[in-house]
Amino acid sequence: MMRIYKSFPVICIIIFIIMFTYYNIRTLEYALFRTIEVLTVHENYNVGVIGHAPPQEESERLWEFVHKLQYQCKKSARIGGNSHNGDGSYEICFEDKYWPLQSSSSHKCLVYSFGIGGDISFDEALANKGCEVHSFDPSTKWEDGRVFPSGVTFHKIGISDKDLDADESGWKMRTLQTILKELGHSGRVLDVLKVDTDAPDGGGFEDRLMQELLDTGLHRCVRQLTMEIHIPGPISRPKWLNRCRTVYQQMMQMNDKGYKTFNVTDNVRYLQTIFKDPTITGEKNVRPYLAYGINTALWEITQVNTQVTDTCVVK
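The shown structure was predicted, so the numbers you read here are calculated from the model rather than taken from an experiment.

### Structural notes on the overall build of the chain
Piece 1. For the chain, the count of helices and strands is 8 helices and 11 strands.
Piece 2. Residues counted as buried form 46% of the 315 residues belonging to the chain.
Piece 3. A fraction of 64% describes how many contacts in the chain between residues 6 or more apart in sequence connect residues 24 or more apart.
Piece 4. Of the roughly 16,600 Å² of accessible surface on the chain, 56% is carried by carbon and sulfur atoms.

Now the structure itself:
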């Protein structure tokens, strides 16, 4: 019995050495496989070629483009949201060309707001300015068709690239074309189109909406577009690298169609809350790590459409 007692510390040390060695071997093995994976993927990169460049280059290209202001709105304001941290608020340009209600009280203002998360303060602020406002969110528990005292009408529908009565999350999804037809808005211009939606598999639905605008010609039918761009990290992962490249190409094409950014905000509120640090910024805490880190870039962007049409018939 005494012999076993004396040897107990030695046994513990041996067990510790075995576990430590095993852990470090597994860690080394994981690091080795990740290095091989990265090096294998990098063999297909072409530095300097848009859409084929390494993650860091693609990340920097998109970051620079998103933060480049292309229009100076001389009369803008942040509307709705949390008065403490600005969550749920969006910038709107109130110049006559992009806000006809400014000079014509008879103008029939129309607003679509996708993704509300139970907060319709932005939507109600625009309704109080005289707009017909429709809010969309399949994940909210409110009853479909609910009309709020402000006049905002809620629809339990999400925006997507195809019409589905129930997607993998059980949500009713519709394309913008279908919604315009179903609500009887064919022929009308959307004064404000807002999309701030989270996809269940990561990212958001803004890329699908931009693609529809480009493919159908509906890009001519929006006066102001405000959206939150979701770019999850690390961009070195093929899925997020592809999203980064796709969003960049879409925004470039939208820019060619007349969409000019006049306001952009790095949404780092989630990081500030997690780490209880209000000094966190996108430039300092997200940008350097987006290509190979796990943070997500969230950009709240508002654009005016310099080539907006007067009427818009949905085919």
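From this point, the narrative continues.
### Structural notes on the confidence of the model for the chain
It should be kept in mind that the predicted coordinates are not to be read in detail where pLDDT is low.
Piece 1. Chain-level pLDDT for the chain is 88 on average; 86% of the residues reach the 70-or-more range.
Piece 2. The model gives residues 25-43 a pLDDT under 50, and that stretch makes 2 contacts with residues more than four places away or in other chains.

### Describing the side chain of S160
Piece 1. Mapped onto the elements, S160 comes out in the loop between β6 (158-159) and β7 (173-174).
Piece 2. By relative accessible area, which is 3% here, S160 ends up buried.
Piece 3. Of note is the side chain of S160, whose polar atom sits 3.2 Å from the side chain of D161.

### A closer look at the side chain of E58
Piece 1. Looking at the secondary structure, you find E58 in helix α2 (residues 55-66).
Piece 2. When neighbours within four sequence positions are excluded, E58 is seen to be in contact with V49, I50, G51, H52, A53, L241, C244 and R245.

### Side note on the packing of α2 against helix α6 (residues 238-256)
Piece 1. It is the contact of α2 with α6, at a shortest axis distance of 10 Å, that shows an interaxial angle of 35°. The two elements α2 and α6 meet at a crossing, and its hand is left-handed. On α6, the residues touching P55, E58, S59, R61, L62, F65 and V66 of α2 are L241, C244, R245, V247, Y248, M251, M252 and N255.
Piece 2. Its residues assigned to classes, the contact of α2 with α6 shows 10 nonpolar, 2 polar and 3 charged.

### Focus on α2
Piece 1. Relative to the 16 Å expected for 12 residues at 1.5 Å per residue, α2 spans 16 Å between its end C-alpha atoms, a close match to the ideal helical length.
Piece 2. Taken as a whole, α2 has its buried residues at P55, E58, S59, R61, L62, W63, F65 and V66.

### Here we look at the packing of helix α5 (residues 206-216) against α6
Piece 1. Taken N-terminus to C-terminus, the directions of α5 and α6 make an angle of 35°; their axes are 10 Å apart at the nearest point. The hand of the α5/α6 crossing is left-handed. Contacts between α5 and α6 involve E206, D207, M210, Q211, L213 and L214 from the former and R243, V247, Q250, M251, Q253 and M254 from the latter.
Piece 2. Looking at the contact of α5 with α6 residue by residue, the class counts come to 6 nonpolar, 3 polar and 3 charged.

### Side note on the pattern of salt bridges
Piece 1. Scanning the model with the defined rule gives 15 salt bridges in all.
Piece 2. One salt bridge connects E300 with R78, and the closest N-O pair in it is separated by 2.8 Å. Of the two residues, E300 sits in strand β11 (residues 297-305) while R78 sits in strand β1 (residues 76-79), which places them 222 residues apart along the sequence.
Piece 3. In this structure R78 comes out as partly exposed when scored by relative accessible area, which is 33%.
Piece 4. Notably, a salt bridge pairs D165 with R174, separated by 2.9 Å at the nearest N-O pair.
Piece 5. Look at D165 and you get exposed, because its relative accessible area is 62%.
Piece 6. The exposure class of R174 is buried, given its relative accessible area of 10%.

Reading guide: rules and limits
Every chain's residues receive numbers from 1 upward, in the order its sequence appears when written. Per-residue local features are limited, in this predicted model, to residues with pLDDT of at least 70; the limit for side-chain atom pairs, both in listing and counting, is 80 or more; totals at the level of whole chains, interfaces and linings are taken over all residues. Note that the side-chain values use all heavy atoms of the structure and ignore hydrogens as well as water. Starting at the N terminus, helices and strands are each numbered in turn, a helix being any DSSP run of H or I of at least four residues and a strand any DSSP run of E of at least two. Each residue is placed in one exposure class: buried if its accessible area under a 1.4 Å probe, protein chains only, is under 20% of its type's maximum, exposed if it is over 50%, and partly exposed if it falls in between. The contact definition used throughout considers only heavy atoms, calling two residues in contact when any of these lie within 4.5 Å. Note that accessible areas follow from Shrake-Rupley with a 1.4 Å probe, and for residues the cover is restricted to the protein chains shown. Per-residue confidence from the predictor is given as pLDDT, running between 0 and 100. Counting of polar contacts relies on pairs of N or O atoms within 3.5 Å, with two restrictions inside protein: one atom must be capable of donating a hydrogen and the other of accepting it, and residues adjacent in sequence are counted only when both atoms are side-chain atoms. Lines fitted to C-alpha atoms define the axes, with helix axes restricted to the stretch in contact, and inter-axis angles between N-to-C directions lie between 0 and 180 degrees. Note on convention: the crossing is left-handed when the near helix lies turned anticlockwise from the far helix by less than a right angle, right-handed when the turn is clockwise. Nonpolar residues are Ala, Val, Leu, Ile, Met, Phe, Trp, Tyr, Cys and Pro. Charged residues are Asp, Glu, Lys and Arg, and all others, Gly as well, are polar. Multiplying one less than the number of residues by 1.5 Å gives the expected span of a helix. A pairing counts as a salt bridge when a side-chain nitrogen of Lys or Arg comes within 4 Å of a carboxyl oxygen of Asp or Glu.

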